[in-house]
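Fold and contact review
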Amino acid sequence: MLRCCYYLLGIICLLGIGLSGTAAGRKGGGGDGATALVQDSGYLVVRNIIVIGNKKTRTSIILREISTVPGDTIYLKDLAETLEERRKQLLNTSLFLNVTANVKNWEGNSAELVFEVWERWYTFAFPIFKLADRNFNQWWVEKGHKFNRLNLGVKGMQENLTGRNDGLDATLQFGYTQKISLAYNLPYIDKGFRHGLGILFAYSRNREVNNLTSNNKQQFFKKDDEYLRQAYVIGLRYSYRKAINTRHQVFLNYNYEKVADSVAVLNPDYLGKGRTSVRFIDLTYRFTYIKADSWIYPLKGVSIMGEAGKRGIGPLSDIDDVRFRLNFTKYWQVHRKTFLSLGMRGQVKFSDEQPYINQQALGYGDDYLRGLEYYVVDGTSFAILKSTLRQELVSFKIKLPIVPKKFNTVPVRILAKTFGDAGYAYSKFPGNGFLNNRFLYTGGIGLDIVSFYDTCLRIEYSVNQLGQKGLFLHTSVDM
């Protein structure tokens, strides 16, 4: 029976049926003799790899992402899985809207692999309409959805600038936080496509400052006509990527932050020791390993990120710490269109005596429990466990009028989910924080609406251990 399956797969490949439902076609070929030879041998040798459809992206960059080279041998029993894996590797670069992979031009037991790509739009200039608060619910409920807590401006992005998957980002922002930033990242600077460099400059200032935390709620201080906080960051980034799934990065940033005297008077520990300015070097090494069906919204595979960092080097050490961080998530398909994910993320920081601005634990960025969005838990170390069970409900495409044909098809997937989170944050000086140094847990149900261009809308109804319930909206992908 197994041998018959091999024969059938060989016949399918000879007919030129490719992945993604696209007919491969067959130009030339070895005829009946070649068919018999391929069937008997049970493998094919990759004679050549052909890339078509790329107008902007360099072919060498695309070939870098395909971990198959001419001369490789692929067993017929693994052919469909191998081509699908290579196709997804190209999609994970975020360079393409769609990719098809086909086998063509059989000659004996060798053939060509053909990858056709549909390049996405790489130039974006769009207005900034961004909340100053940590999430939508905090802005809408606690801050009364006031428009003076919005950030407005313009952001320009030129992805794939030179066709080498490099990117240039520029931001000019007004409103709650005034900001100007410029960043450029070139993933490969060598002929071996392993080493990359990036640069960053950013300046920001605020009239309002989150100067302390009380009862696990952020407190803010404001003076109408005075900028209370200014911050500069200048950074370099180096990356090394030998294989497809593993990346090593080193970040070296110079940081300068200055606050008004009134901020230091109200909270002498804001920058520590009653200071009104700090300077420090931040050196971070990051290791990432992602082997999943999607790097943007994974449902099968594994994702690992580890960091080791040091703030404060030499004379630039107004803030001084050593920290270690680990994020790990495993994804499974447990049934047809049913997926399970289990993940953990945590951080340990030494010493445990840090100024206020260096004690962000739970509730900041992606480090939060679903259902505790209204709270923050300050500290130097924390751990979070997350579990999510998803069921795909529908998957469809929307045709947009007027838009060019290349971009007028919008894929949409809707998944229902149930989830449960647990966490703990340690603080040496918890003050009146009733969630500090305490085991926390939450749970709930929700919907994920996923589309291309890395977009995801999460609608979640959660309950926490305090018995509080609420509907929460997020636009970032959760583990």
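Residues numbered from 1 in each chain as written. Predicted model: local features only at pLDDT ≥ 70, side-chain atom pairs only at ≥ 80, totals over all residues. Heavy atoms only, no water.

Our next topic: the side chain of histidine 474. Along the chain, histidine 474 turns up in strand E22 (residues 469-474). Of note is the side chain of histidine 474, whose polar atom sits 2.8 Å from the side chain of glutamate 373. Filtering out sequence-adjacent residues up to four positions away, histidine 474 remains in contact with Asn135, Tyr368, Glu373, Cys456, Leu457, Arg458 and Glu460. (Helix = DSSP H or I, 4+ residues; strand = E, 2+ residues; numbered from the N terminus. Polar contact = N/O pair within 3.5 Å; in protein donor to acceptor, adjacent residues only side chain to side chain. Contact = heavy atoms within 4.5 Å.)

In this section: the sheet that holds strand E4 (residues 110-119). Ordered in space as E2-E1-E4-E3, the four strands form an open sheet in which the pairing is mixed. At either margin of the open sheet sits one strand with a lone partner, and together these are strand E2 (73-75) and strand E3 (96-107). With direction set aside, neighbouring strand axes in the sheet form an average angle of 40 degrees. Helix-sheet contacts for helix H4 (residues 76-91) involve strand E1 (43-52), E2, E3 and E4, and the interaxial angle to E3 is about 145 degrees. (Pairing = 2+ DSSP bridges. Axes fitted to C-alpha atoms, helices over the stretch in contact; angles between N-to-C directions.)

Here we take up H4. Here H4 is 16 residues long and its end C-alpha atoms lie 23 Å apart, about the 22 Å a rise of 1.5 Å per residue gives. Looking only at H4, the buried set comprises Leu76, Leu79, Thr82, Leu83, Arg86, Arg87, Gln89 and Leu90. (Expected span 1.5 Å × (residues − 1). Buried < 20%, exposed > 50% of the residue type's maximum accessible area, 1.4 Å probe, protein only.)

We now examine the pairing of E22. Burial of the side chains of E22 is restricted to one face: Gly470, Phe472 and His474 are buried, whereas none of Lys469, Leu471 and Leu473 on the reverse face is. Two strands pair when backbone bridges link them, and strand E21 (residues 455-464) and E22 are joined in this way by six bridges, in the antiparallel orientation. Paired with glutamate 460 across the bridge in E22 is phenylalanine 472. Count of turn residues in the E21/E22 antiparallel hairpin: four residues, of which glycine 467 carries a positive phi of about 85 degrees.

This part takes up the packing of aromatic side chains. By the definition in use, this model includes seven aromatic pairs. When the ring of tyrosine 375 is compared with that of phenylalanine 434, the centres are 6.0 Å apart and the planes differ by 85 degrees; the resulting orientation is edge-to-face. You can see tyrosine 375 sitting in the loop between strand E17 (338-350) and strand E18 (381-399) and its partner phenylalanine 434 sitting in the loop between strand E19 (409-426) and strand E20 (440-451), a full 59 residues away along the chain. Phenylalanine 434 gets classed as partly exposed once you look at its relative accessible area, which sits at 35%. Its end group placed over the ring of tyrosine 227, arginine 205 keeps NZ or CZ at 3.9 Å from the ring centre. (Phe/Tyr/Trp six-rings, centres within 6.5 Å; stacked < 30°, edge-to-face > 60°. Lys NZ or Arg CZ within 6 Å of the ring centre and 35° of its normal.)

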